[in-house]
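# Descriptive structure summary
One-letter residues, chain by chain:
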There are 2 protein chains.
Amino acid sequence: MAVGEACFDFYPVRGVRLASVAAGIKETYKDSNLAPIFDLVLIEFEEGSSTAGVFTKNLFAAAPVVVGKKHLSVRSARYFLINSGNANAATGEIGIQDALLCCKALSDISGVDYDEVIPFSTGVIGERLPVKKITSSLSKLFEKLDASNWLLAAEGIMTTDTRPKIATRRFNVDDETVTITGIAKGSGMIQPNMATMLAYITTDVICTEELLQELLVKVVNRSFNRITVDSDTSTNDSCMLTATGKAPIDLRDLAAQQVFISELTSLMQELAQGIIRDAEGATKFVTVTVEGAPNAQVCLDVAYSIANSPLMKTAFFASDANWGRIIMAIGKVNVDVDVSLVDVYLGDICLMLGGAKAQAYRETDGAKVMAEKEIVIRVNLNCGDVSDTVWTSDLSHEYVKINAEYRT
Amino acid sequence: MAVGEACFDFYPVRGVRLASVAAGIKETYKDSNLAPIFDLVLIEFEEGSSTAGVFTKNLFAAAPVVVGKKHLSVRSARYFLINSGNANAATGEIGIQDALLCCKALSDISGVDYDEVIPFSTGVIGERLPVKKITSSLSKLFEKLDASNWLLAAEGIMTTDTRPKIATRRFNVDDETVTITGIAKGSGMIQPNMATMLAYITTDVICTEELLQELLVKVVNRSFNRITVDSDTSTNDSCMLTATGKAPIDLRDLAAQQVFISELTSLMQELAQGIIRDAEGATKFVTVTVEGAPNAQVCLDVAYSIANSPLMKTAFFASDANWGRIIMAIGKVNVDVDVSLVDVYLGDICLMLGGAKAQAYRETDGAKVMAEKEIVIRVNLNCGDVSDTVWTSDLSHEYVKINAEYRT
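The rules behind each value
Residues numbered from 1 in each chain as written. Chains lettered and ligands numbered in written order. Predicted model: local features only at pLDDT ≥ 70, side-chain atom pairs only at ≥ 80, totals over all residues. Contact = placed C-beta atoms within 7 Å. Helix = DSSP H or I, 4+ residues; strand = E, 2+ residues; numbered from the N terminus. Nonpolar A, V, L, I, M, F, W, Y, C, P; charged D, E, K, R; others polar. UniProt positions renumbered as here; feature names shortened; annotations may be inferred. Buried ≥ 20, exposed ≤ 12 C-beta atoms within 10 Å, placed from the backbone. Least-squares fit on C-alpha atoms with pLDDT ≥ 70 in both. Domains from an automatic or database assignment. Axes fitted to C-alpha atoms, helices over the stretch in contact; angles between N-to-C directions. Parallel < 35°, antiparallel > 145°, perpendicular 65-115°, else oblique. Left-handed = near helix turned anticlockwise from the far one by under 90°. Pairing = 2+ DSSP bridges.

### Some thoughts on the interface of chain B and chain A
The partner chain A presents 48 residues to the 48 residues of chain B that form the contact. Going through the elements one at a time, α9 (310–317), α10 (323–331), β14 (356–357) and α12 (397–405) of chain B are the ones with two or more residues in the side of chain B that touches chain A. The greatest single-element share of the side of chain B that touches chain A, amounting to 6 residues, is contributed by α10 of chain B. Split by residue class, the side of chain B that touches chain A holds 19 nonpolar, 20 polar and 9 charged.

Here it is in structure tokens:
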């Protein structure tokens, strides 16, 4: 059902090893056909690595989010321990203890301190974490650690995803080779607020945690914070960026930093767009660009109003060039915009010019654009110079089917 | 597909006559099976009537909304001229002229001034109003005016509605009989902002336009402004309240006013809920009550977050007591609420107590409530004393089907 081809190639990152096993956590799913077998993933970083992270702003942030943020504030991370199949969210104090038990069990096996382990969970909300299933799988998981296991790790973190999301970049800075490789998961409960469901990006550059955090926030706001499947913000969203420092490139060098940001943005947009391409029931990949806005808030309000409107999303599904719904979605944002200035384009076709239907517009031209798998809507408010872009999917029969049958 | 039975009985209102004809405006619909035959409605008020109105806040407010607001500000209304099948929205200056032409044609026939006619339109956005079809039907329409035509009028304003919405009250004040009767239409593009798609309520009490406007705004905020089908705000929303003054009850009398408000609220909630019961593809009627909020904004933000979440709406459709989605929807509202205080009830069943799953909660109990056609969700934030209620529908396969096939 996913829109467009996916590439599963990747470059390993020096200083990073991964492993993936089936711990039986996903057995509790009602629809086991939706769930792949792998459900427990370990990512190891060599000593001296820096890690930055952004996490969900949902008030019911899950236990692993609470624990992980605390651990990161104290120590640099050595291990990410990630389970799918259970979110350990809305589990109260017991959930916190369960997450800590898993960190401590990995500490016993690996020899690092328990607060050098960052736990992550994704899956059913409100159920106790099956701690025993996890801890009894840790020895096997630890033994499997290998620099080449990226794709298995990407599979191990999936829930309703139909395919793994992996992206990779290799480029030169000052004749040194730098690598960035990342994985992500998510296809529903997606309008991340500071981070998406789960994403892990690693690189071998040298970078302090302060600077890494700054870069991550900047790039998240051009990637994972610009996608929406359903306007719903998960309780477990986390996006992590780790630098192992194995390549002799230091990001305090501004020229190097500039190249790095450009590559990182491209990679994180690929992962974020990968989530939309694999959105629940998606048959269309839609880019919504708003230009000429007076400020960033109006710009995003209009873009998300289009991207989240059920009437727009069903029109995408139906390949219906329903421009009445587009202007409805723009107009329902109650901001100070002069509608008699608004232009709207569907691909290269001008639908609306100066707030009314464009004279030259022909329904057949619009329908042609809407029939494509990938659709671009561009709105120019012509009342400022701020622009931004969000990506979204359509609302299909399959979306309703998946979410009427799946237990979050 | 509508949820629950509807009653089509009504009391005529002294001083009000109505008519409904088929003018052929709806012939342009792709799916003519969705459209009833009547598409042009006239409502006449005797001289001396007072009219109050609230209109959409969508920036692309339709031409009839612009014209109607202007006419109301100048004169008291004598006629409402309402067409379905064409919204006359996003039609620019020509749309305004088209609406005025219709008012002037009715002025010629009826003898009132053209600005005593208030035009309303609902249907396809962005197409020119078929003025000739309307003006050539006006004589016939005028001849048919009769006090008993309420149900025909309710049918004439329908678009994707599967049944007419009519509500009526008759009660005594100081031994005098007072009547309120109203009609409404709408089943999609419904999260009204100050008014719903189209609603016309009339009564025979005596009331100044100032007071009537005040009462209308107050009661709209307890009825039409508390419903959502799809979070989408139409370009044509209008809600009108007319008092003909034929009953010797003056609303300046505070005791009479109190009784009247109570009856009006009950009637307008019935009409608003009627829209939700007949929402596009609806199989469930859902009441979301939020209590213990620190202020009105937080209260409504949480209520609408639940009511508009596609994941909640598919869970309603699937009769799935998916409380993970409920807490996600509460938590994604980024407000200052202590989640460890939050209680959630599904019907009489307590799901969550103090921010974690209630000890006594059994999935089978929750599932029983969700299997009902009518579901009540009650959230207590326990951090204030503000409460409010919104009504919504579910997100079904039929919803996607209707909106993938219908041209707004």
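Don't stop here, the text continues.
### Concerning the UniProt feature "binding site: substrate" (unreviewed entry) in chain A
Mapped onto the present numbering, the UniProt feature "binding site: substrate" (unreviewed entry) falls at Thr-159, Lys-185, Thr-196, Glu-280, Asn-403 and Thr-408 of chain A. Classification of Thr-159 of chain A as buried rests on a count of 25 C-beta atoms within 10 Å.

### What to know about the relation of the copies chain B and chain A
Applying a rotation about an axis and a shift along it to one chain copy brings it onto the other copy. Mapping chain B onto chain A is achieved by rotating through 180 degrees and translating by 0.0 Å along the same axis, at an RMSD of 0.0 Å. The transformation just described matches what one would write down for a two-fold rotation axis. Closest approach to the rotation axis among the C-alpha atoms of chain B is made by His-397 of chain B, whose C-alpha sits 2.9 Å away. By residue overlap, the copies meet face to face through one surface: 100% of the interface positions of chain B are interface positions in chain A.

### Structural notes on the domain arrangement of chain A
Residues and elements named next belong to chain A. Its domain assignment divides chain A into domain 1 (16–277) and domain 2 (285–405). Taken together, the contacts link 12 residues of domain 1 with 12 residues of domain 2. Every element with two or more residues in the side of domain 1 that touches domain 2 is listed here: β9 (227–228) and α7 (254–277). No other element matches the 4 residues that α7 contributes to the side of domain 1 that touches domain 2. When its residues are assigned to classes, the side of domain 1 that touches domain 2 shows 4 nonpolar, 5 polar and 3 charged.

### A closer look at the packing of helix α1 (residues 63–74) of chain A against helix α2 (residues 92–110) of chain A
Geometry of a packed helix pair, given as the angle between the helix axes and the separation of the axes. All names here are of chain A. Where α1 meets α2, the axes come as close as 8 Å, and the angle between the chain directions of the two elements is 60 degrees. As judged from the angle between their axes, α1 and α2 are oblique. Where α1 crosses over α2, the two elements pack in a sense that is right-handed. Residues Ala-63, Pro-64, Val-66 and Val-67 of α1 form the contact with α2, whose own contacting residues are Gly-95, Ile-96, Asp-98, Ala-99 and Leu-100. Considering only residue class, the contact of α1 with α2 consists of 7 nonpolar, 1 polar and 1 charged.

### A few points about the pairing of strand β3 (residues 50–55) of chain B
All names here are of chain B. For β3, the buried fraction is high: 6 of the 6 residues fall into the buried class. Where burial is concerned, the two faces of β3 agree: the one with Ser-50, Ala-52 and Val-54 and the one with Thr-51, Gly-53 and Phe-55 are both buried. Inspection of the sheet shows β3 paired to strand β10 (residues 238–243) by 6 bridges, in the antiparallel sense. Bridge pairing links Phe-55 to Ser-238 in β10.

### A short note on the sheet that holds strand β8 (residues 198–203) of chain A
Residues and elements named next belong to chain A. Strand order in the open sheet formed by 5 strands is β3-β10-β8-β7-β6, with mixed pairing between adjacent strands. At either end of the open sheet lies a strand with only one pairing partner, and these are β3 (50–55) and β6 (165–173). Within this sheet the neighbouring strands show an average axis-to-axis angle of 10 degrees, counted without direction. Strands in contact with helix α6 (residues 209–220) are β3 and β10 (238–243); relative to β3, the strand with the most contacts, it is inclined by about 40 degrees. Of the strands in this sheet, β6, β7 (176–185) and β8 are in contact with α7, which crosses β6 at around 165 degrees.

### Some points on the pairing of strand β2 (residues 40–45) of chain A
Residues and elements named next belong to chain A. Across the 6 residues that make up β2, a large majority, 6, are buried. What you see with β2 is no split at all: Leu-40, Leu-42 and Glu-44 on one side and Val-41, Ile-43 and Phe-45 on the other are buried throughout. With 6 bridges connecting them, strand β1 (residues 16–21) and β2 associate as antiparallel partners. The partner of Arg-17 across the bridge, within β2, is Glu-44. Inspection of the sheet shows β2 paired to strand β4 (residues 79–86) by 5 bridges, in the antiparallel sense. Residue pairing in the sheet places Ile-43 in a bridge with Phe-80 of β4.

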